[in-house]
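Overview (structure and organization)
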Amino acid sequence: MSQQRHGSTSGGSDRANAVPAFPDLPEATIARLPEYLRALHNLGEGGADTISSEGLAAAAGVNSAKLRKDLSHLGSYGTRGVGYDVALLIEQIEYVLGLDQRRAVCLVGVGNLGHALAGYDGFASRGFKIVALFDADPTKVGERIHGLIVHHIDELPQVATEETIAIGVIATPAGAAQAVADELVGAGVTSILNFAPCVLSVPANVDVRKVDLAIELQILSFHEHRKASLTALPGGRSATGAGNQEAVGS
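Residues numbered from 1 in each chain as written. Predicted model: local features only at pLDDT ≥ 70, side-chain atom pairs only at ≥ 80, totals over all residues. Heavy atoms only, no water.

Looking at an unreviewed UniProt entry, one finds the protein chain named Redox-sensing transcriptional repressor Rex, with Paractinoplanes tereljensis as its source organism. Quoted verbatim from the Sequence similarities (unreviewed entry) heading of the UniProt record, the comment on the protein chain is "Belongs to the transcriptional regulatory Rex family." (UniProt positions renumbered as here; feature names shortened; annotations may be inferred.)

For the protein chain, the helix and strand inventory stands at 9 helices and 9 strands. Pairs at least 24 apart in sequence give 58% of the contacts found in the protein chain among residues at least 6 apart. Of the roughly 14,000 Å² of accessible surface on the protein chain, a fraction of 53% belongs to carbon and sulfur atoms. (Helix = DSSP H or I, 4+ residues; strand = E, 2+ residues; numbered from the N terminus. Contact = heavy atoms within 4.5 Å. Areas by Shrake-Rupley, 256 points an atom, 1.4 Å probe, with all protein chains shown as cover.)

Turning next to the packing of helix H1 (residues 27-45) against helix H4 (residues 86-96). Contact geometry of H1 with H4 gives a least axis separation of 10 Å together with a crossing angle of 145 degrees. Judged by the twist between their axes, the crossing of H1 over H4 is left-handed. Of the residues in H4, those in contact with Leu 33, Tyr 36, Leu 37, Leu 40, His 41 and Gly 44 of H1 are Val 86, Leu 89, Ile 90, Ile 93, Glu 94 and Val 96. (Axes fitted to C-alpha atoms, helices over the stretch in contact; angles between N-to-C directions. Left-handed = near helix turned anticlockwise from the far one by under 90°.)

At His 146, a position not held by glycine, the phi torsion is positive, near 50 degrees. Position of His 146 relative to the elements: it lies in the loop between strand E5 (144-145) and strand E6 (148-152).

Here the focus is the pattern of salt bridges. For the structure shown, the criterion picks out 4 salt bridges. Here Arg 68 ties to Glu 54 by a salt bridge, and the two come within 3.7 Å at their closest N and O atoms. Highlighted residues: Arg 68 in helix H3 (residues 64-72) and Glu 54 in helix H2 (residues 53-60), separated in sequence by 14 residues. Here Arg 68 falls in the partly exposed class, since its relative accessible area comes to 36%. With a closest N to O distance of 2.8 Å, Lys 227 and Glu 224 form a salt bridge. Here Lys 227 and its partner Glu 224 are both found in helix H9 (residues 213-232), 3 residues apart, which amounts to about one turn of the helix. (Salt bridge = Lys/Arg side-chain N within 4 Å of Asp/Glu carboxyl O. Buried < 20%, exposed > 50% of the residue type's maximum accessible area, 1.4 Å probe, protein only.)

Time to look at the packing of aromatic side chains. Considering all chains together, one arrives at 1 aromatic pair under this definition. Arranged with centres 4.9 Å apart and planes meeting at 90 degrees, the rings of Tyr 120 and Phe 123 form a pair that is edge-to-face. (Phe/Tyr/Trp six-rings, centres within 6.5 Å; stacked < 30°, edge-to-face > 60°.)

With that out of the way, let us pick up the sheet that holds strand E3 (residues 103-108). With mixed pairing, 7 strands are arranged side by side in an open sheet as E5-E6-E4-E3-E7-E8-E9. The outermost strands of the open sheet, each flanked by one partner alone, are E5 and strand E9 (207-210). The pairing of E3 with strand E4 (residues 128-135) spans 6 bridges and is classified as parallel. The residue of E4 that forms the bridge with Leu 107 is Leu 133. Across the sheet, helix H8 (residues 174-186) touches E3, strand E7 (167-170) and strand E8 (191-194), and the angle it forms with E7 is around 170 degrees. (Pairing = 2+ DSSP bridges.)

Next comes the structure, spelled out in structure tokens:
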């Protein structure tokens, strides 16, 4: 989903040889970099030292021209006849995404979704650590979930300072999400991942990413409807006959 983004941050001089002065990247490129990174990690774990642009594009589910343009923003052009150095490209992308340092994350709302998110191993493997859980329900406060004690939401400012929390995840019902966002902002958190099905109002210096699974399903429903409509036309044009497409939203 779309992201609010305001300005860029200066990169450290110790990576000057790997990445140019911190790039001001297009939003679409930012959204694709994690896909490239995931593909590169899989390739590296499989023993690959280098990868062609075509191979990496196929692994990430984009076309190679788009990939080459994206990576050129990082100053990475690969080597003719060899391709990209997998380890170096991982380092470059992780630096740009800020993954060369561990980010402390808090989760607000420990219902069914919150429980699942709190136990998701994929966060830690990509540089994120959930350090605190919060809820407003007194019956949930004090509960231990995946090794963490649930705090009352009123403790957020103190815990955010103690744990240097950088990112807040909202997994509450929609009706509570704005109040939680206000609490996070008041505690100094400037990045929010919102799973609640609503639009948040936040200051200009706060970045929000929204994950709404129902919206994603509705988009897929549109594509199913479109494919059914095409096959119903005279001379029925099948969806598979139109050739392979990139994944929706890429």
